[in-house]
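# A structural walkthrough
Listed here are the chains, written in short residue letters.
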Amino acid sequence: EHPFELVSAHRPVRLLIDPEHHVFRVLAPEEIPATVNSVKGSDTLIGVLGKGQERMEPVLRALLVSLNQPNAPVVREEGIRPEALRGRDVLVFGVPEARPGVPLPPESMIVGTREVVLQEAAQGRSVFLVTLDQGRTAAFLLPETDADEATLHEAARKVTHYGRYSAILFQGSTVVERFVADPPGSPLIVDLAEAKAGGGS
């Protein structure tokens, strides 16, 4: 800790220390975005087949193998018990229904200074995305409506090569866009506008 004083010609709104992570240090958990590598490194991963996706089980299993998770169990959403997912990282194929314990894909993610609305970005495309859900990693393979099994199988095989990304968009089996989501937060970022509004300094 070290006290310091900075003089600004304008009212400051945020204080960021080492925003590009140039200082060699251990990152706080909230500074690390969820990525494909988060899935690859999980030791509690479970695969979930969304309702109506039973025929795509071979694709989900191939994806798990490519992510170095060949032993991850696969369950169907319809018969899953909430306690089976408690404390586990989850990889979901398809858009699940709102069931207790089953994570839902986010509608958007923050990338730099812009909000990427995933439904709009993914029109006519398949999407693989990774996010955080109540402290666990939650990943989703959201297939394009008319995608066939062979195309999805080829796309799933490529996901592992994009380890540092949070979202990958496919046109057919070709990667057309990829994003790294902003991390949830950082103890080294202070929103001064909020602090002032709340009576802080």
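The biggest cluster of nonpolar side chains holds 28 residues, and the ones touching the most others in it are Leu63, Leu67, Leu91, Phe93, Phe128 and Val159. The set of elements that each furnish at least two residues to this core consists of helix H1 (36-40), helix H2 (57-66), strand S4 (90-93), strand S7 (126-133), strand S8 (136-142), helix H5 (149-159) and strand S9 (167-171). Of all hydrophobic cores here, the second largest spans 21 residues; its members include Val102, Leu129, Ala167 and Leu169.

Located in the positive-phi region is Asn68, a residue other than glycine, with phi close to 60 degrees. Mapped onto the elements, Asn68 comes out in the loop between H2 and strand S3 (74-76).

In this fold, Asp133 is placed in strand S7. Residue Asp133 is classed as buried on the basis of its relative accessible area, which comes to 18%. Beyond its immediate sequence surroundings of up to four residues, Asp133 is in contact with Pro103 and Ala138.

This part takes up the side chain of Thr35. Residue placement: Thr35 occurs in the loop between strand S1 (14-16) and H1. Each residue touching Thr35, except ones within four places of it in the same chain, is listed here: Val130, Gly163, Arg164, Tyr165 and Ser166.

Looking now at the sheet that holds S3. Pairing is mixed across the open sheet formed by seven strands, whose spatial order is S3-S2-S4-S8-S7-S9-S10. With partners counted over all chains shown, the strands left at the sheet margins are S3 and strand S10 (174-179), one partner each. The sheet shows a mean angle of 20 degrees between the axes of neighbouring strands, taken without regard to direction. One ladder, built from five bridges, connects S9 with S10; its direction is antiparallel. Residue pairing across strands places Ile168 opposite Arg178, the latter belonging to S10. Sheet strands in contact with H5 are S4, S7, S9 and S10, and its direction is about 150 degrees off that of S9.

Before going further, it helps to examine the packing of aromatic side chains. Overall, the coordinates contain one aromatic pair when judged by the stated rule. Seen in terms of ring centroids, Tyr162 and Tyr165 are 6.2 Å apart; in terms of plane orientation they differ by 55 degrees. Their pairing is tilted. Overall, Tyr162 belongs to the partly exposed group, its relative accessible area being 21%. By relative accessible area, Tyr165 is classed as buried at 14%.

The next point concerns the environment of Arg178. Note that Arg178 resides in strand S10. Classification of Arg178 by relative accessible area gives partly exposed; the value is 43%. On a C-alpha basis, the gap between Arg178 and Val7 in space is 39 Å, while along the polypeptide they are 171 residues apart. Aside from chain neighbours lying at most four places away, what touches Arg178 is Tyr162, Tyr165, Ala167 and Ile168.

In terms of burial, S8 is a largely internal element, seven of the seven residues being buried. Alternating positions in S8 separate into two faces, Arg136, Ala138, Phe140 and Leu142 on one and Thr137, Ala139 and Leu141 on the other, with burial throughout. Pairing analysis gives four bridges linking S4 to S8, with the strands arranged parallel. Considered in S8, the bridge of Val92 is made with Phe140. From the end of S7 to the start of S8, which pair antiparallel, there are two residues, and Gln134 there has a positive phi angle of about 55 degrees.

Rules of the game
- Residues numbered from 1 in each chain as written.
- Predicted model: local features only at pLDDT ≥ 70, side-chain atom pairs only at ≥ 80, totals over all residues.
- Heavy atoms only, no water.
- Core = buried A, V, L, I, M, F, W, Y, C linked by side-chain atoms within 4.5 Å.
- Buried < 20%, exposed > 50% of the residue type's maximum accessible area, 1.4 Å probe, protein only.
- Helix = DSSP H or I, 4+ residues; strand = E, 2+ residues; numbered from the N terminus.
- Contact = heavy atoms within 4.5 Å.
- Pairing = 2+ DSSP bridges.
- Axes fitted to C-alpha atoms, helices over the stretch in contact; angles between N-to-C directions.
- Phe/Tyr/Trp six-rings, centres within 6.5 Å; stacked < 30°, edge-to-face > 60°.

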